[in-house]
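# Coordinate inspection notes
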Amino acid sequence: MAYIIILGAGTGGMPAAYELREHLDKKHQITVVNAVDYFQFVPSNPWVAVGWRERGAITFPIRPYLEKKGIAFIAQPVQRIDADNNALELKDGDRLSYDYLVITTGPKLAFDEVPGAGPAGYTRSICTVDHAEQTWADYQEFLKDPGPAIVGAMPSASCFGPAYEFAFIFNKDLQRRKLRHKVPLTYITPEPYIGHMGLGGVGDSKSMLESEFRNNDIKWITNAKVTKVEAGKMFVSEMDDNGQLKKEHELPFKLSMMLPAFKGVDPVAAVEGLCNPRGFVLIDEYQRSKKYRNIFAAGVCVAIPPVEVTPVPTGAPKTGYMIETMVTAIVRNIAADIAGESATAKASWNAICLADMGDTGAAFVALPQIPPRNVNWFKKGKWVHAAKVGFEKYFLYKMKHGTSEPIYEKYLLKALGIERLDH
């Protein structure tokens, strides 16, 4: 009998648990360990931040759904991974042994890298449902006395899609309230150009997103390095294409939502030889740790090199479809190892995404994620907004009832009108 622990119950961990349960003999024990007792659908957080969704609509308790499938669940933070002895140490002092460990923790949010940033400082976030609720609370106060607003991302950020989404959703909500004329809005980003998204651009993303910003009176500063934030003021160094200082900005704001850079979570980053200097897990082509052959990793916690060197550091995003293929590869390779066979399954390093823009949206397909690409496709339309709303309901249903089918691929390909990813 094999003991398998999945560390993290997000968009990687929950599907991993369901898929392992379906593909392995019932004699093998699967346990999910998560810091909190609920699942949250992170892509919906921009809507929570403007009051378009409530917490209860995008979260649910994990335990009853996993236990229904014969999967054990522990809601506790992990204090330490004893990789040499195949064990986890939990916050309450309990120790769990494993034969295989699957790390799907997501990131540590590195607000501390910019003084004054983050929910404990002067900028808001949509990285968690708690953060989104805090943003919504501040937004309601902001609406009583509107003023300048700043949206964007900090240096070394890698997840730019939600920042673009929030900028457009925030813009649309203000328009609906007939308050947009009172809110000068600026988008601040380390990207070398609008639409880069950590991917080197996708299709015509640069001109399309710049056009949308112009049409909606959203100003922008690219190659932007936020150096510190004070109450009502953001300090930004704008760099030129050679990484040299071009201009210093002191920007006033009454509300700001800035996505942070990511790092690996502390107990994972602390394991000797497991991670790179930023704390992301170093894996081989089969999603296995390069040092510990019984440790696998999927999702944002995985080390992926930047697509290209940029004047201000940016990282490469890990989209839902990519994470899904990582999970499937892990499941197949654990099953092979249990059977005494060699690992053969590999993830698909492709990016497919639906980004909401209030009442319209943008969709892109980058195959593979790192250019040059076989498919380089970016489209905009109201159908994307509808597809994003539909996907939220579809994904939450699947996470509650358990599935081993490829959720992202099945839904997104249908929404995009693509029969196969090689077309």
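Above this text you will find the structure in question.
A brief report on the enclosed structure follows.

Scoring rules and cut-offs
Residues numbered from 1 in each chain as written. Predicted model: local features only at pLDDT ≥ 70, side-chain atom pairs only at ≥ 80, totals over all residues. Heavy atoms only, no water. Helix = DSSP H or I, 4+ residues; strand = E, 2+ residues; numbered from the N terminus. Rg over C-alpha atoms; globule rule 2.2 N^0.38 Å. Contact = heavy atoms within 4.5 Å. Areas by Shrake-Rupley, 256 points an atom, 1.4 Å probe, with all protein chains shown as cover. Lys, Arg positive; Asp, Glu negative; His and termini not counted. Charge placed at Lys NZ, Arg CZ, Asp CG, Glu CD. Buried < 20%, exposed > 50% of the residue type's maximum accessible area, 1.4 Å probe, protein only. Pairing = 2+ DSSP bridges. Phe/Tyr/Trp six-rings, centres within 6.5 Å; stacked < 30°, edge-to-face > 60°. Lys NZ or Arg CZ within 6 Å of the ring centre and 35° of its normal. Axes fitted to C-alpha atoms, helices over the stretch in contact; angles between N-to-C directions. Nonpolar A, V, L, I, M, F, W, Y, C, P; charged D, E, K, R; others polar. Expected span 1.5 Å × (residues − 1). Salt bridge = Lys/Arg side-chain N within 4 Å of Asp/Glu carboxyl O.

## Concerning the overall build of the protein
- When its secondary structure is counted, the protein shows eleven helices and 22 strands.
- At 21 Å, the protein has a C-alpha radius of gyration in line with the 22 Å of a compact globule built from 423 residues.
- Once the C-alpha set of the protein is aligned to its principal axes, its extents read approximately 65 × 45 × 45 Å.
- Taking all contacts inside the protein whose residues are at least 6 apart in sequence as the whole, residues at least 24 apart take part in 65%.
- Within the structure as shown, the protein displays about 17,500 Å² of accessible surface, and the carbon and sulfur contribution to it stands at 49%.
- Treating the 49 positive side-chain charges of the protein as one cloud and the 47 negative ones as another, the clouds have centres 4 Å apart.

## Some words on the side chain of T325
- Note on placement: T325 falls in helix α9 (residues 320-338).
- Residue classification places T325 among the buried residues on the basis of a relative accessible area of 11%.
- Apart from the residues lying within four places of it in its own chain, the contact partners of T325 are A347 and S348.

## Things to note about the pairing of strand β6 (residues 78-82)
- In the sheet, β6 pairs with strand β7 (residues 87-90) via four bridges, with the strands oriented antiparallel. Along β7, the bridge assignment pairs R80 with E89.
- Remark: four residues form the turn of the hairpin made by β6 and β7, two consecutive strands paired antiparallel; N86 in that turn has positive phi of roughly 55°.

## Some remarks on the environment of P252
- With respect to the element layout, P252 can be found in strand β16 (residues 245-252).
- It is 9.0 Å that separates the C-alpha atoms of P252 and F235, two residues lying 17 residues apart in sequence.
- The residues contacting P252, other than those within four sequence positions of it, are P148, I150, G232 and K233.

## A short note on the packing of aromatic side chains
- Evaluated as defined, the whole model comprises 21 aromatic pairs.
- Geometrically, the ring pair formed by F391 and Y411 is tilted, given 5.1 Å between the ring centres and 50° between the ring planes. Taken together, the positions of F391 in helix α10 (residues 382-401) and Y411 in helix α11 (residues 407-416) put the pair 20 residues apart, joining distant regions of the chain. Taken individually, F391 and Y411 each receive the classification buried, so the pair is uniform in this respect.
- Aromatic ring contacts, followed pair by pair, group F39, F41, F60, Y65, F391, Y394, F395, Y408 and Y411 into a single cluster.
- Cation over ring: R55 sits above Y38, and NZ or CZ is 5.0 Å from the ring centre.
- For K318, the ring lying beneath its charged end belongs to F280, and the centroid distance is 4.8 Å.

## Points about the packing of α9 against α11
- Taken N-terminus to C-terminus, the directions of α9 and α11 make an angle of 145°; their axes are 8 Å apart at the nearest point. Contact residues: G320, Y321 and E324 in α9; I407, Y408 and E409 in α11.
- Looking at the contact of α9 with α11 residue by residue, the class counts come to three nonpolar, one polar and two charged.

## Structural notes on α10
- For α10, with 20 residues, the first-to-last C-alpha span of 30 Å sits near the 28 Å given by 1.5 Å per residue.
- Within α10, burial applies to V384, A387, K388, F391, E392, Y394, F395, L396, K398 and M399.

## A few points about the sheet that holds strand β13 (residues 218-221)
- Read across the sheet, four strands follow the order β13-β12-β11-β17 without closing on themselves; strand pairing throughout is parallel. Both edges of this open sheet fall to β13 and β17 (255-259), since each of them pairs with a single strand only. In this sheet, adjacent strand axes meet at a mean angle of 15° when their direction is disregarded.
- In the sheet, strand β11 (residues 149-153) pairs with β17 via five bridges, with the strands oriented parallel.

## Some remarks on α9
- When the terminal C-alpha atoms of α9 are compared, their 27 Å separation across 19 residues agrees well with the 27 Å that a helix rising 1.5 Å per residue should span.
- Counting buried positions along α9 yields 15 of 19 residues, so the element is predominantly enclosed.
- A positive backbone phi angle near 80° is found at G340, which sits one or two residues after α9.

## Quick word on the pattern of salt bridges
- Within this structure, the stated rule accounts for 26 salt bridges.
- A salt bridge links D145 to K254; the nearest nitrogen and oxygen atoms lie 2.7 Å apart. Here K254 lies in the loop between β16 and β17 and D145 lies in the loop between α5 (129-142) and β11, a separation of 109 residues in the sequence.
- Residue K254 is classed as partly exposed on the basis of its relative accessible area, which comes to 43%.
- Two residues, R288 and D284, come together in a salt bridge whose shortest N-O distance is 2.9 Å.
- By relative accessible area, D284 is classed as buried at 17%.
- Salt bridges sharing partners connect three or more residues here, namely R80, D82, E89 and R95.

Just distances and angles here, no functional claims.
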